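# Commentary on secondary and tertiary structure
Residue-level listing of the chains:
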Amino acid sequence: MRHYIYITYIMTTVMAAITGCGSPGNNKTATFTPEKVHRLDSYAYRLGVMPDSTPETDKEAMTPGIAAIDSMLAYTGNPQASFASYCKSPAVKIFTPDVEHVYPNLDKLESTLGHITAIAGIEFIEIPRRTYFSIISPYSQSIFLSDSVALIALNHYLGADYIGYAGRFEPYRLRDKTPERLPYDIAEAIVASAYPYAPPTAQDATALSRMLYEGALLNAVMALVPDADTSEALSLTAEQLKWLNDNEGRIWNALIGNDLLYSTSPVDATRLVSPAPATAILGQSVPPRAGRFVGLRIIRSYLSRHPGQSMSSMLQPEFYCSLQTLIDAGYAPF
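To keep things clear, this report deals only with the structure shown in the data block. Predicted, not measured: the structure shown is a model, and the values here were computed from it. (Residues numbered from 1 in each chain as written. Predicted model: local features only at pLDDT ≥ 70, side-chain atom pairs only at ≥ 80, totals over all residues. Heavy atoms only, no water.)

### Comments concerning the overall build of the protein chain
- Counting its regular elements, the protein chain contains 14 helices and five strands.
- A total of about 14,900 Å² of accessible surface is found on the protein chain, and carbon and sulfur atoms cover 55% of it. (Helix = DSSP H or I, 4+ residues; strand = E, 2+ residues; numbered from the N terminus. Areas by Shrake-Rupley, 256 points an atom, 1.4 Å probe, with all protein chains shown as cover.)

### Regarding the environment of Ser-111
- Looking at the element boundaries, Ser-111 is found in helix α5 (residues 107-123).
- Counting along the chain gives 76 residues from Ser-111 to Glu-35, while the straight-line C-alpha distance between them is 6.5 Å.

### Here we look at the pattern of salt bridges
- Enumeration over the complete set of coordinates arrives at nine salt bridges.
- Asp-41 is the partner of Arg-39 in a salt bridge, and the nearest nitrogen-oxygen pair spans 2.7 Å. Note on accessibility: Arg-39 and Asp-41 belong to one class, buried.
- In this structure, Glu-248 engages Arg-297 in a salt bridge whose closest nitrogen and oxygen atoms are separated by 3.0 Å. Linking Glu-248 in helix α10 (residues 248-257) with Arg-297 in helix α12 (residues 290-305), this pair joins segments that are 49 residues apart in sequence. (Salt bridge = Lys/Arg side-chain N within 4 Å of Asp/Glu carboxyl O. Buried < 20%, exposed > 50% of the residue type's maximum accessible area, 1.4 Å probe, protein only.)

### Comments concerning the side chain of Asn-219
- Considering the arrangement of structural elements, one finds Asn-219 in helix α7 (residues 207-224).
- A relative accessible area of 9% means that Asn-219 is categorised as buried.
- For Asn-219, the residues in contact, after removing those within four places along its chain, are Leu-296, Ile-299, Arg-300, Leu-303, Met-311 and Met-314. (Contact = heavy atoms within 4.5 Å.)

### Digging into the pairing of strand β3 (residues 131-135)
- When you tally the buried positions in β3, you get five out of five residues, the bulk of the element.
- Of the two faces of β3, the one lined by Thr-131, Phe-133 and Ile-135 and the one lined by Tyr-132 and Ser-134 are each fully buried.
- In the sheet, strand β2 (residues 37-39) pairs with β3 via three bridges, with the strands oriented parallel. If you follow His-38 over to β3, its bridge partner there is Phe-133. (Pairing = 2+ DSSP bridges.)

### A closer look at the packing of aromatic side chains
- Applying the stated criterion across every chain yields a total of 11 aromatic pairs.
- Pairing Tyr-197 with Tyr-213 gives two aromatic rings, centres 5.5 Å apart and planes at 50°, and the pair type is tilted. Here the residue Tyr-197 occupies a position in the loop between α6 (182-194) and α7, and Tyr-213 occupies one in helix α7, the gap between them amounting to 16 residues.
- Within the aromatic cluster, the residues linked to one another by ring pairs are Phe-95, Tyr-162, Tyr-165 and Phe-169. (Phe/Tyr/Trp six-rings, centres within 6.5 Å; stacked < 30°, edge-to-face > 60°.)

### As for the packing of α7 against helix α11 (residues 266-273)
- At a minimum axis separation of 9 Å, α7 and α11 run at an interaxial angle of 35°. Judged by the twist between their axes, the crossing of α7 over α11 is right-handed. Across the interface between the two elements, Ala-207, Arg-210, Met-211 and Glu-214 from α7 touch Ala-269, Thr-270, Leu-272 and Val-273 from α11.
- Among the residues making up the contact of α7 with α11, the classes are represented as five nonpolar, one polar and two charged. (Axes fitted to C-alpha atoms, helices over the stretch in contact; angles between N-to-C directions. Left-handed = near helix turned anticlockwise from the far one by under 90°. Nonpolar A, V, L, I, M, F, W, Y, C, P; charged D, E, K, R; others polar.)

Take a look at the structure:
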């Protein structure tokens with residue numbers, strides 16, 4: 001299940017300029033301008049407590065985010081709700097003080113986001129420019145995107161041991177609730193919203209095509225996030241990733257032996273790539289998202305043979321739905 005929702009509406013936007021440039025291979029030496037994240041979470045909390053205390057200049061800066069909140073509320077099935085009622089909601093009252101404790105400032109996030117958006121602007125022509133706002137989300141989604149605005153729900157990234165998560169999430173989901181996970185979710189939302197999984201026909205929607213798409217998406221995410229870590233990108237522990245690496249051939253044999261590669265069942269594909277306690281379709285001992293791991297391995301094998309292939313081209317149906325892609329990758333995990 002994705003951690004983001006794409007909301008369609010039109011607004012104005014701002015994006016920080018790139019002060020230095022470089023290819024993805026040179027990302028560590030390039031200099032990028034931090035991307036401003038407006039603190040709509042703190043703004044909404046203040047309005048809920050002291051509605052007449054906000055300067056007019058703050059109101060103007062928050063206007064696009066407020067409109068996005070209204071659209072979010074309508075999109076998620078609560079058309080009667082408004083930003084005013086949102087400011088007084090239990091979620092805003094409960095989570096905001098804890099969010100401000102974990103995130104007293106957003107300097108690190110803004111620096112990372114500047115890197116992500118700059119590289120995305122270089123590599124992906126379909127990525128729109130957006131204005132970014134931190135919010136409190138009363139919903140399970142943590143990232144909300146429109147053509148010009150992004151809402152980042154910081155209350156979903158307070159740490160695996162945050163007491164407010166106790167009993168609300170299964171243990172395997174808590175790995176996705178850390179500040180370290182936030183850049184990966186933002187990068188994935190940005191890329192996947194512009195390049196969604198879209199096989200042309202039901203026959204093209206095989207488990208293999210989904211795995212190839214997820215691998216290409218993950219490869220792009222890791223190119224955007226500075227100093228990306230494979231286990232963090234896959235949302236796995238180091239031990240789980242080691243198991244997948246040590247048993248890669250066994251996983252591939254299970255995919256073939258169980259006739260899963262070319263299955264057109266959406267359930268099969270989802271069970272292979274989605275968060276879960278384990279990839280149970282392959283065995284209870286197989287760590288979660290094994291299909292995503294294999295997809296990334298195939299993409300990396302393909303790139304070793306075709307180093308000039310662009311990330312955006314690998315996120316097109318012509319690539320991930322083609323049987324030739326697997327052949328050209330020369331993937332042989334034995």
